[in-house]
Amino acid sequence: MNKTAAVVILGFVLTASGHGDSPGPTTGPATPAKLKPVASTGSGLLLDVPLDLSRFSRQQFEAFSSTVGPEKIRRKWTSAITPLPNPPAAGERGLTEPEVRDIMLRIRDLFDEGKSAPVSDVGLISTQEDVNRKPMYNHVAAFANSSVNAYLLVQRLAGTEGWGYFAIVQDLATEPPSDYFADINGREVKFEGQSCYKCHSSGPLALHPAREDLVSDVPLLAAINRHITEQPASRFHFPEHDRPGDYGTPLAMEACTRCHDADAPRGVLFRAHSHPIRILVDFGYMPPNRRLTPKELAELKSWLEAKP
Ligand code: HEC
Ligand code: HEC
């Protein structure tokens, strides 16, 4: 019975074309603050025309998002970062993989038990371009104790079955802090390297929704983004079975290396990171406070296209 109901809801959400010209987002109290409109700047960096999401209504977003279990999301929060108990023995040596694994399973349980403060959105980077070209629904929750920052992503691509679980644990006891990445879909934690690094060049990514109203709670999104942006520079932990590839030479444009470099707050950028680079620059998020000049854009474009 329940299964049938879920299918009906999904059918409605995914065949929503007839509802496209509804007046748009509701003016509910959930989003008092506003994000600035999300729009391509027409930089020429995108490989594909920007995906038009205008047919999706806020209500459809909410309905699909809630298929994860409405009790787990859109929760009232006072702290955007859910506290974790302090670790028994991590101390100065840093965490072992089994300890990281336990933290990942714990944050997954906290989410499933409705004890975290997730923000829900449709993510820009995973929705636009050639990766999916379909709305990617995300729930992101942040956790911390004195020696760890931890993040959970619960994700589902429009038109697919079931939600996927992913985790990042940042161990603050090492110098610099180490970021562990894993697929935690089953009870088994699968540590991963290269497949995550191609978007996560500096550990956790700030959240950028695909449309300014496809987000459950703007103040919560802003608080989580502040936490992510203010984190110390960290090092990607590649597990033994998934060592780093040969990434060639890093992006050397001064417009970027002020902030993205070995001794800068964000990690170096390689051609392997071209997907998030194309999107964040094209949609006007990078560099943060200005647009690239045509000359700089041409330089970036030819670097992205050059053979390593
Ligand atoms: C195609 C690019 C891409 C790849 C590959 C990718 N991610 Fe992400 N990830 C994102 C984006 C974009 C966000 C922010 C989502 C948003 O804006 O809602 C994110 C968010 C997350 C978060 C929530 C915390 C944060 O960083 O915001 C976790 C946890 C996460 N990813 C884990 C992983 C793991 C583990 C892997 C590898 C198995 C991985 N990701 C691979 C793009 C990617
Ligand atoms: C003034 C500092 C600053 C400059 C200059 C800057 N960035 Fe960033 N960049 C950031 C910050 C802070 C974040 C994380 C917050 C966000 O994503 O909005 C970020 C995030 C990113 C990310 C996602 C991976 C990550 O580090 O979180 C990419 C890719 C990126 N920038 C590319 C670029 C490119 C390409 C340029 C040059 C055209 C550039 N940035 C210039 C500060 C900067």
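What you see is a predicted model; the values in this text were computed from it and never measured. (Residues numbered from 1 in each chain as written. Chains lettered and ligands numbered in written order. Predicted model: local features only at pLDDT ≥ 70, side-chain atom pairs only at ≥ 80, totals over all residues.)

(A) Region of the structure containing the overall build of the protein. A count of helical and extended segments in the protein gives nine helices and eight strands. Taken across its 308 residues, the protein has 35% of its residues classed as buried. In the protein, the share of contacts with a sequence separation of at least 24, taken over all contacts with a separation of at least 6, comes to 69%. (Helix = DSSP H or I, 4+ residues; strand = E, 2+ residues; numbered from the N terminus. Buried ≥ 20, exposed ≤ 12 C-beta atoms within 10 Å, placed from the backbone. Contact = placed C-beta atoms within 7 Å.)

(B) Representation of the site of ligand 1. The local shell around ligand 1 holds 27 residues, among which Gly 123, Ile 125, Cys 196, Cys 199 and Pro 204 are the closest. Those elements that provide at least two residues to the shell around ligand 1 are helix H4 (124-127), strand S3 (136-145), strand S4 (148-157), strand S5 (164-171), strand S6 (178-183) and helix H5 (194-197). A breakdown of the residues in the shell around ligand 1 according to their chemical character gives 16 nonpolar, seven polar and four charged. (Near = placed C-beta within 6 Å. Nonpolar A, V, L, I, M, F, W, Y, C, P; charged D, E, K, R; others polar.)

(C) Layout of the site of ligand 2. Near ligand 2 lie 23 residues; those nearest to it are Ser 202, Ala 206, Cys 256, Cys 259 and Met 286. Elements with a minimum of two residues in the shell around ligand 2: helix H7 (254-257) and helix H8 (274-282). When residues of the shell around ligand 2 are assigned to their parent elements, the largest contribution, four residues, is made by H8. Among the residues making up the shell around ligand 2, the classes are represented as 15 nonpolar, six polar and two charged.

(D) Layout of the environment of Tyr 285. Summarising the element assignment, Tyr 285 is placed in the loop between H8 and helix H9 (294-305). Placed 247 residues apart in sequence, Tyr 285 and Val 38 show a C-alpha to C-alpha distance of 9.6 Å. In contact with Tyr 285, other than residues within four places in its own chain, are His 208 and Leu 280.

(E) Quick look at the nonpolar core. Ranked by size, the top nonpolar core spans 63 residues in total, and within it Met 104, Ile 107, Ala 150, Leu 152, Ala 167 and Val 169 carry the most contacts. Those residues in contact with Leu 152 that lie beyond four places of it in its chain are Ile 107, Arg 108, Phe 111, Ala 141, Tyr 165 and Ala 167. (Core = buried A, V, L, I, M, F, W, Y, C linked by C-beta atoms within 7 Å.)

(F) Spotlight on the pairing of S3. In terms of burial, S3 is a largely internal element, eight of the ten residues being buried. Looking at chain direction, strand S1 (residues 81-83) and S3 are connected through three bridges and run parallel. Bridged to Pro 83 within S3 is Ala 144. Sheet topology places S3 next to S4; ten bridges connect them, and they run antiparallel. (Pairing = 2+ DSSP bridges.)

(G) Geometry of the pairing of S6. With six bridges joining them, S5 and S6 adopt antiparallel strand pairing. Each bridged residue has a counterpart across the sheet, and for Ile 168 the counterpart in S6 is Phe 181. The turn linking S5 back onto S6 is made up of six residues. Here two bridges tie S6 to strand S8 (residues 235-236), and the two strands are oriented parallel to one another. Within S8, the position partnered with Asp 179 by the bridge is Phe 236.

(H) Layout of unusual backbone geometry. Here Glu 175 and Pro 176 are connected by a cis peptide whose omega angle stands at -5 degrees. Position of Pro 176 among the secondary structure elements: in the loop between S5 and S6. With an omega of -10 degrees, the peptide bond between Met 286 and Pro 287 qualifies as cis. Residue placement: Pro 287 occurs in the loop between H8 and H9. Despite not being glycine, Arg 74 shows a phi value in the positive range, around 50 degrees. In this structure, Arg 74 sits in the loop between helix H2 (58-65) and S1.

(I) Highlighting the environment of Thr 293. Residue placement: Thr 293 occurs in the loop between H8 and H9. Residues Thr 293 and Ser 43, spaced 250 residues apart in sequence, show a C-alpha to C-alpha distance of 10.0 Å.

(J) Region of interest: the environment of Leu 280. Relative to the elements of secondary structure, Leu 280 occurs in helix H8. We classify Leu 280 as buried; it has 20 C-beta atoms within 10 Å. When neighbours within four sequence positions are excluded, Leu 280 is seen to be in contact with Tyr 285 and Met 286.

(K) Structural context of the confidence of the model for the protein. Per-chain confidence: the protein averages 87 in pLDDT, with 88% of residues scoring 70 or above. pLDDT under 50 marks residues 1-32. Its contacts with residues more than four places away, or in other chains, come to 24 contacts. (pLDDT = per-residue confidence, 0-100.)

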